[in-house]
Amino acid sequence: MSRETMDRLVGSVVREVSPDEYVVLLFSGQELRVKFYDNRIAVSEREVVDTARLYAVKSGRHALVGAEDMSDHGIESAARDLRAAIESSPEVRRPPLPPPSKYDHNGDFDGGAVDADAVSIVEAGISSALSSGARRVAGVLELGLVDVSIRTSSGVDQADRRSYALLNVRAFVDDDASGQGVSVSTTPRRLDPHRAGSSAAEIARIASKPCRIEPGEYDVILAPISAADLMQHVGAAASAYSVSSGFSFLEGRLGSRVAPEWLSVVDHGQIVDGVGSRTFDDEGVPTRTNPIIGNGVLRTYLHNTVTAAEFGSTTTGNAGLVEPGPWNLEVSPGDSSPEEMIREVRRGIMVTSNWYTRFQNYRIGDYSTLPRDASPVIEGGEVKCSARGIRVSSNVPRDLENIVMASKERQWIKWWEVEIPVLTPYIMVRNMGVTSAF
């Protein structure tokens, strides 16, 4: 199916546009999605979706369109849209597409992912949460396969197969006390529903003891779900497109210290359990490992061939036909346990989960975000209660510089607030601003 569809896509682009260069990317996905609430499975959905991205260059004009209808009519319509987009585009010179290279798959793929015993995985998560004190449990399990194919006018003709397994558990001990636990892997065999369920329930139990705190600066421990949110924005800001567009707080910082010496943030094109893994990028360049922050120093921006030419650099295998970006981020571990980190806090909070992160100024890095579920208040190294109705208002560059501890324990995070998969420890940040959310 994919090969035949790719042939039709390429044929339509060539006939309709007669391009000087082209890239056709085809994504064929299968997903089993199991939703659950009130301690039982509500619905199980299976979905098969093919989508494509068509890119072409003609006489210096270039354009990109998406296609979701893989019928002959849909493909021909997308090719006409591509031709019209090219005709209305200004002439912009860009480097030629790269030639084929050597591609290696790291072997991290489970072809049986969508046929796993999803019911048992969900029931294990629910049971674990209930036995840990939850009264109600909800969430979603997503098991999927993705085939990615690329064909370019420069001779790249490759296919990649990837799998993923994402479990998100929400536990409630009452109407106002909730917790979240996640488990992320490239195979359902390595999911840990017991930990996701028990973690969600333990957080919900803490949330059942609410209290108010005064606005001010606090030492904040970011649990993995919240640490991943912070770090995904570091990865996005490392995109050379973000830098060039004036939307990056990392602009002008190459070679400068941006974090403590022991901290590193690395982007992996392929890594075990990295559900964003790809063998090749959207220009057909093999993906690779790129240290973004190494020993506290900003080492590189992430490039496709266009931004690399603009910056006088070389592609890092992170295309995006328009915007390069990270695949899977890994944050270096520390040497402490979460319990040891709590004991170090004299006046602070832990943020276990957050949402609605919004930037007031991307270039400076000012942002705010809303903690959800439990936000344990820590005084004298002990958890006292859970702060309710708070907002974290801070600045990413300052947060990076103020990281003082991290846990040995790390966890893969990906859910709808964290789009870039991140392997991260708990991290402690000094002097984060905390205000009232309402």
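Structure: above.
Below or above, wherever it landed, is the structure these notes cover. Just so you know, these numbers come straight off a predicted model, no measurement behind them.

So, about the overall build of the protein chain. A tally of helices and strands in the protein chain yields 9 helices and 20 strands. The C-alpha atoms of the protein chain give 23 Å as radius of gyration, which agrees with the globular expectation for 438 residues (22 Å, within 12%). In the protein chain, which comprises 438 residues, the proportion classed as buried is 58%. Taking the intrachain contacts of the protein chain between residues at least 6 apart in sequence as the baseline, contacts between residues at least 24 apart amount to 72%. When the accessible surface of the protein chain is summed, it comes to about 18,100 Å², and 48% of that surface belongs to carbon and sulfur atoms. When the 46 basic and 59 acidic side-chain charges of the protein chain are each reduced to a single mean position, those positions are 2 Å apart.

What follows is about the nonpolar core. Counting 50 residues, the largest nonpolar core has Leu 222, Met 231, Ile 293, Val 396, Leu 400 and Ile 427 as the members making the most contacts within it. Not counting chain neighbours up to four residues away, the residues in contact with Ile 293 comprise Val 234, Val 258, Ala 259, Leu 263, Ser 264, Val 265, Leu 298, Arg 299 and Leu 400.

This next bit is on the pattern of salt bridges. It is possible for side chains of opposite charge to pair when their charged atoms get near one another. Considering all chains together, one arrives at 29 salt bridges under this definition. With a closest N to O distance of 3.0 Å, Asp 273 and Arg 190 form a salt bridge. One end of the pair, Asp 273, is in the loop between strand E9 (265-268) and strand E10 (289-294); the other, Arg 190, is in the loop between strand E6 (177-185) and helix H4 (193-207), with 83 residues separating them in the sequence. Residue Asp 273 is classed as buried on the basis of its relative accessible area, which comes to 14%. The partly exposed category is assigned to Arg 190, whose relative accessible area is 37%. When the shortest N-O distance is used, the salt bridge between Glu 409 and Arg 195 registers 2.6 Å.

This brings us to the pairing of E6. Taking burial as the measure, the 9 residues of E6 include 9 buried ones, the bulk of the element. Residues Ala 177, Gly 179, Gly 181, Ser 183 and Ser 185 line one face of E6 and the alternating positions Ser 178, Gln 180, Val 182 and Val 184 line the opposite face, and both faces are buried. Bridging between strand E5 (residues 157-174) and E6 involves 9 bridges; their strand directions are antiparallel. Residue pairing in the sheet places Arg 170 in a bridge with Gln 180 of E6. Here E5 hands over to E6 after 2 residues, the two strands then running antiparallel side by side.

This paragraph deals with the pairing of strand E1 (residues 21-37). By the criterion of burial, E1 is predominantly enclosed, with 13 of the 17 residues buried. Counted between consecutive antiparallel strands, the loop separating E1 from strand E2 (residues 40-58) contains 2 residues, among which Asp 38 sits at a positive phi close to 50°. Bridge analysis of E1 against strand E4 (residues 136-152) gives 14 bridges, and the strand direction is antiparallel. Each bridged residue has a counterpart across the sheet, and for Ser 28 the counterpart in E4 is Asp 147.

We now examine the environment of Gly 284. By secondary structure assignment, the location of Gly 284 is in the loop between E9 and E10. When the C-alpha positions of Gly 284 and Val 43 are compared, they lie 38 Å apart, and in sequence the two are 241 residues distant. Beyond its immediate stretch of four places on either side in the chain, Gly 284 contacts Tyr 103, Ile 150 and Val 156.

The next point concerns the side chain of Ser 89. Residue position: Ser 89 is located in the loop between helix H2 (72-87) and helix H3 (118-131). There is a polar contact of 2.5 Å between the side chain of Ser 89 and the backbone oxygen of Ala 85. Setting aside residues up to four positions removed in sequence, Ser 89 forms contacts with Arg 61, His 62 and Ala 63.

A full pass over the atoms with the stated rule returns 1 disulfide. Two residues share a disulfide in this structure: Cys 211 and Cys 385, whose sulfurs sit 2.0 Å from each other. Between Cys 211 and Cys 385 the disulfide shows an S-S torsion of about 70°. By sign, it is right-handed. With Cys 211 in strand E7 (residues 210-211) and Cys 385 in strand E17 (residues 382-387), this pair connects stretches of sequence that are 174 residues apart. Summarising the burial analysis for this pair, Cys 211 and Cys 385 share the class buried.

Attention shifts here to empty space enclosed by the protein. Where empty space is left becomes clear once a probe the size of a water molecule has been rolled over the atoms. Applying the stated criterion across every chain, the model contains 3 cavities of 30 Å³ or more. Here the largest cavity is characterised by a volume of approximately 120 Å³. Around the largest cavity, the lining comprises 14 residues; the ones closest to its centre are Ser 226, Asp 229, Asn 354, Tyr 367 and Thr 369. Elements represented by at least two residues in the lining of the largest cavity include exactly helix H5 (224-237), strand E14 (353-361) and strand E15 (366-372). Looking at which element gives the most residues to the lining of the largest cavity, the answer is H5, with 4 residues. Along the lines of polarity and charge, the residues of the lining of the largest cavity split into 8 nonpolar, 5 polar and 1 charged.

With respect to topology, 6 strands assemble into an open sheet ordered E3-E2-E1-E4-E5-E6, the strand pairing being antiparallel. A single partner strand is all that each edge strand has here, and the edge strands are strand E3 (61-67) and E6. Pairs of neighbouring strands in the sheet enclose a mean axial angle of 15°, with direction left out of account. Running at roughly 140° to E1, helix H1 (residues 2-17) makes contact with E1, E2, E4 and E5 of the sheet.

Interaxial distance between H3 and H4 falls to 7 Å at its minimum, and their mutual angle equals 35°. Note on packing geometry: the crossing formed by H3 with H4 is right-handed. Of the residues in H4, those in contact with Ile 121, Ala 124, Gly 125, Ser 128 and Ala 129 of H3 are Pro 193, His 194, Gly 197, Ser 198 and Ala 201.

Calculation criteria
Residues numbered from 1 in each chain as written. Predicted model: local features only at pLDDT ≥ 70, side-chain atom pairs only at ≥ 80, totals over all residues. Heavy atoms only, no water. Helix = DSSP H or I, 4+ residues; strand = E, 2+ residues; numbered from the N terminus. Rg over C-alpha atoms; globule rule 2.2 N^0.38 Å. Buried < 20%, exposed > 50% of the residue type's maximum accessible area, 1.4 Å probe, protein only. Contact = heavy atoms within 4.5 Å. Areas by Shrake-Rupley, 256 points an atom, 1.4 Å probe, with all protein chains shown as cover. Lys, Arg positive; Asp, Glu negative; His and termini not counted. Charge placed at Lys NZ, Arg CZ, Asp CG, Glu CD. Core = buried A, V, L, I, M, F, W, Y, C linked by side-chain atoms within 4.5 Å. Salt bridge = Lys/Arg side-chain N within 4 Å of Asp/Glu carboxyl O. Pairing = 2+ DSSP bridges. Polar contact = N/O pair within 3.5 Å; in protein donor to acceptor, adjacent residues only side chain to side chain. Disulfide = S-S within 2.5 Å. 1 Å grid on protein atoms, 1.4 Å probe; cavity = no way out; pocket = protein on both sides within 12 Å on 5 of 7 lines; lining within 4 Å. Points joined across faces, edges and corners; volume = space filled by probe spheres on them. Nonpolar A, V, L, I, M, F, W, Y, C, P; charged D, E, K, R; others polar. Axes fitted to C-alpha atoms, helices over the stretch in contact; angles between N-to-C directions. Left-handed = near helix turned anticlockwise from the far one by under 90°.

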